[in-house]
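Observations on the three-dimensional arrangement
The primary structure of each chain is shown beneath.
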Amino acid sequence: MLDYHLHLLRHGEDGPYRAESVRAYAAAAAARGVEEICITEHLFRFRQADRLLAGWWDADPDGRLRSQTAAYWAEHATGDLEQYVAAVLGAAAAIEDGDSPPIPIRLGLEVDHYPGRMGEVADLLAGWPFDLLLGSVHWLGAWGFDQMGDPVVDEQWERREVEAVWDAYVAAIEELAATRTADVLAHPDLAKVAGIVPAGDLAPWWDRLAKAAAENGVAAEVSSAGWRKPAAEAYPAAGLLARFRAAGVPVTTASDAHELALVADGADRLRPLLAAAGYTELSGFERRHPSPRAV
Ligand SMILES: [Zn+2]
Ligand SMILES: [Zn+2]
């Protein structure tokens, strides 16, 4: 089992990034039966992303959403990418006295879709020795739709047609996958996060998500994080996971923990989902090259 989606900081919490924290994550994961981890902090936590991308939200016509996202971004983009990379690589390295981490630690990043800007994002990241880049859609325009509890965000959930939300979300995933910036689609059906989903059959959207991953050679993540949200089920839904399997899309497993206590959370609950879909192996990544791992 892998935990290939881990954040070192909670939202609202600041760095610094420390190798000791990464080692503690590895120890916790190992104790909970996970055999390999990848630390995948949000790209938007770093000043390097701020310098490149700040203001991307200006294209949204809704001034309240622009302001809310600008404030969220400013609160988060405080870290140093170099320090983060050094902390993870430092923890991953075997120390001379034999104090190796209990399980392999990979270096990753969770990267959002910035429409029309992914070439620049890829250029920014090309200079770093990442093992894995997760690709995510957390914003539709300037609407950070998974930030439930923020009144500006929640108002949109009340106002928008849920079918239009899914159309926009799936279109963004299709665009992101086509850029081939990321190796793995994180929480692939995140549009359900608030527990509000279109009535009836989701198959047309699931088919498009599976096709986007398969056609672009992108893997998909099976994540326990949805159980901790109003969606109250894993990402992806069983019907979407079956489609990924049918389309030959490899998968990773993940908790999306933002704190030590949640590292490897729900790993055992993911196993039956994988078995039901017919997955007998997972995909590991080193320096962005996939290779098989045990479930
Ligand atoms: Zn995410
Ligand atoms: Zn995440």
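Everything that follows concerns the structure shown earlier in this document.
Definitions and limits used
- Residues numbered from 1 in each chain as written.
- Chains lettered and ligands numbered in written order.
- Predicted model: local features only at pLDDT ≥ 70, side-chain atom pairs only at ≥ 80, totals over all residues.
- Heavy atoms only, no water.
- 1 Å grid on protein atoms, 1.4 Å probe; cavity = no way out; pocket = protein on both sides within 12 Å on 5 of 7 lines; lining within 4 Å.
- Points joined across faces, edges and corners; volume = space filled by probe spheres on them.
- Helix = DSSP H or I, 4+ residues; strand = E, 2+ residues; numbered from the N terminus.
- Nonpolar A, V, L, I, M, F, W, Y, C, P; charged D, E, K, R; others polar.
- Phe/Tyr/Trp six-rings, centres within 6.5 Å; stacked < 30°, edge-to-face > 60°.
- Buried < 20%, exposed > 50% of the residue type's maximum accessible area, 1.4 Å probe, protein only.
- Lys NZ or Arg CZ within 6 Å of the ring centre and 35° of its normal.
- Donors = N, O, S within 2.8 Å, 3.2 Å for Na, K, Ca; no water.
- Salt bridge = Lys/Arg side-chain N within 4 Å of Asp/Glu carboxyl O.

Next up on the list: empty space enclosed by the protein. For the coordinates displayed, the defined rule picks out one cavity of 30 Å³ or more. Taken as a whole, the largest cavity encloses approximately 40 Å³ of empty space. Going through the elements one at a time, β1 (2-6), β9 (251-254) and α10 (267-277) are the ones with two or more residues in the lining of the largest cavity. Tallied by class, residues from the lining of the largest cavity come to six nonpolar, two polar and two charged.

Applying the stated criterion across every chain, the model contains 18 aromatic pairs. Consider the rings of F44 and W139, whose centres lie 5.4 Å apart with planes at 70°: the pair is edge-to-face. Of this pair, F44 sits in the loop between β2 (36-42) and α2 (47-53) while W139 sits in strand β5 (residues 139-140), placing them 95 residues apart in sequence. Classification of F44 by relative accessible area gives buried; the value is 2%. On the basis of an interplanar angle of 65° and a centroid distance of 5.0 Å, the ring pair of W143 and W157 is categorised as edge-to-face. Here the residue W143 occupies a position in strand β6 (residues 143-144), and W157 occupies one in helix α6 (residues 151-159), the gap between them amounting to 14 residues. Through pairs of rings, three or more aromatic residues link up here, namely F44, W56, W57, Y72, W73, Y114 and W139. Positioned above the aromatic ring of Y279 is the side chain of R245, whose terminal nitrogen or guanidinium carbon lies 5.3 Å from the ring centre. Here the guanidinium or amino end of R269 rests over the ring plane of W227, the centre of that ring lying 3.9 Å away.

For the zinc ion (ligand 2), the protein coordination sphere consists of H5 (NE2), H7 (NE2), E110 (OE) and D256 (OD), at 2.0 to 2.3 Å. Donor residues for the zinc ion (ligand 2) sit on one chain with the sequence pattern H-x1-H-x102-E-x145-D. A distance of 3.3 Å spans the gap from the zinc ion (ligand 2) to the zinc ion (ligand 1), which E110 bridges by coordinating each metal. Separated by 251 residues along the polypeptide, H5 in strand β1 and D256 in the loop between β9 and α10 bring together distant segments of the chain. Taking relative accessible area as the criterion, H5 reaches 0% and is therefore assigned buried. A relative accessible area of 10% places D256 in the buried class.

Before going further, it helps to examine the coordination of the zinc ion (ligand 1). Reference values for angles at a metal are 109.5 degrees in the four-donor tetrahedral case and 90 or 180 degrees in the six-donor octahedral case. The protein atoms donating to the zinc ion (ligand 1) are E110 (OE), H138 (NE2) and H187 (NE2), with metal-donor distances spanning 2.1 Å. Along the chain, the residues donating to the zinc ion (ligand 1) are arranged with the sequence spacing E-x27-H-x48-H.

Here the focus is the pattern of salt bridges. In this structure the tally under the stated criterion is 17 salt bridges. With a closest N to O distance of 3.0 Å, D265 and R228 form a salt bridge. Remark: R228 occurs in the loop between β8 (219-223) and α9 (238-246) and D265 occurs in the loop between β9 and α10; sequence separation between them is 37 residues. Classification of D265 as partly exposed rests on a relative accessible area of 28%. You can call R228 partly exposed: its relative accessible area is 34%.

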